[in-house]
2 protein chains.
Amino acid sequence: MNTSRARIEIEYCTQCRWLLRAAWTAQELLTTFQDEVREVCLQPGTGGIFEVRVGEDIVWSRAQQKRFPEMKELKQLIRDRIAPERDLGHSDRDPLL
Amino acid sequence: MNTSRARIEIEYCTQCRWLLRAAWTAQELLTTFQDEVREVCLQPGTGGIFEVRVGEDIVWSRAQQKRFPEMKELKQLIRDRIAPERDLGHSDRDPLL
């Protein structure tokens, strides 16, 4: 297993039934960052948690940001950490341009 | 994070496009074993791999078993390791009885 690649964690609240959102997010990240990611880990939690971490760094916390991330912004935040040189195509374009 | 709970890995072949099957499997296991599992990790791989591991133990290998696991049998194999006393309800019943 290639340990130089990133480990991403998605901790989600089971009481709020956020497994489906967490699993959708995992599949999006595994599709976009297939070659940069070692694993995406889904972690059942409680108390309204929805947190995405790259290694030890929290890149999104619903508790702090008071909302779920847009997939586009989450991918940009993760790209900035694990593949800063990468262009995310549509995810990097302003849809109005 | 409760480290006494189990860590499950699902390594899947990206060339074969098995992400959707792997993510479906992860959601089933996270639903059935919500209280026994610390994390379910999806790991992109190649070369036709589809492997499910509990900790270091391989509980299913498509290369060895020459097929994908039925969800029912996979849950029984995992239950036998992480929650041997648990009854899986329908997953433990023979549908013909």
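Cut-offs used in this document
- Residues numbered from 1 in each chain as written.
- Chains lettered and ligands numbered in written order.
- Predicted model: local features only at pLDDT ≥ 70, side-chain atom pairs only at ≥ 80, totals over all residues.
- Heavy atoms only, no water.
- Axes fitted to C-alpha atoms, helices over the stretch in contact; angles between N-to-C directions.
- Helix = DSSP H or I, 4+ residues; strand = E, 2+ residues; numbered from the N terminus.
- Parallel < 35°, antiparallel > 145°, perpendicular 65-115°, else oblique.
- Left-handed = near helix turned anticlockwise from the far one by under 90°.
- Contact = heavy atoms within 4.5 Å.
- Nonpolar A, V, L, I, M, F, W, Y, C, P; charged D, E, K, R; others polar.
- Pairing = 2+ DSSP bridges.
- Phe/Tyr/Trp six-rings, centres within 6.5 Å; stacked < 30°, edge-to-face > 60°.
- Buried < 20%, exposed > 50% of the residue type's maximum accessible area, 1.4 Å probe, protein only.

Named according to an unreviewed UniProt entry, chain A is Selenoprotein W-related protein originating from Edaphobacter modestus.

Another point: the packing of helix H1 (residues 19–32) of chain A against helix H3 (residues 71–82) of chain A. Residues and elements named next belong to chain A. Contact pair H1 / H3: the axes reach a minimum separation of 11 Å and the direction vectors enclose 50 degrees. For the element pair H1 / H3, the angle class is oblique. In this structure, the crossing between H1 and H3 has a hand that is right-handed. Residues Trp24, Thr25, Glu28, Leu29 and Thr32 of H1 form the contact with H3, whose participating residues are Met71, Leu74, Lys75 and Ile78. For the contact of H1 with H3, the per-class residue count stands at 5 nonpolar, 2 polar and 2 charged.

Moving on, we come to the pairing of strand S4 (residues 57–61) of chain B. All names here are of chain B. Bridging between strand S3 (residues 50–54) and S4 involves 4 bridges; their strand directions are antiparallel. For Glu51, the partnering residue across the bridge sits in S4 and is Ser61. Where S3 folds back on S4, the antiparallel hairpin that results is connected by 2 residues, among which Gly55 adopts a positive phi of roughly 60 degrees.

This part covers the packing of aromatic side chains. Residue and element names in this part refer to chain A. One pass over the full model with this rule turns up 6 aromatic pairs over all chains. Geometrically, the ring pair formed by Trp18 and Phe50 is edge-to-face, given 6.4 Å between the ring centres and 80 degrees between the ring planes. Of this pair, Trp18 sits in the loop between strand S1 (6–13) and H1 while Phe50 sits in strand S3 (residues 50–54), placing them 32 residues apart in sequence. Of the residues examined, Phe50 reaches a relative accessible area of 2% and is grouped as buried. For the ring pair Trp18 and Phe68, a centre distance of 4.8 Å and an interplane angle of 80 degrees mean the geometry is edge-to-face.

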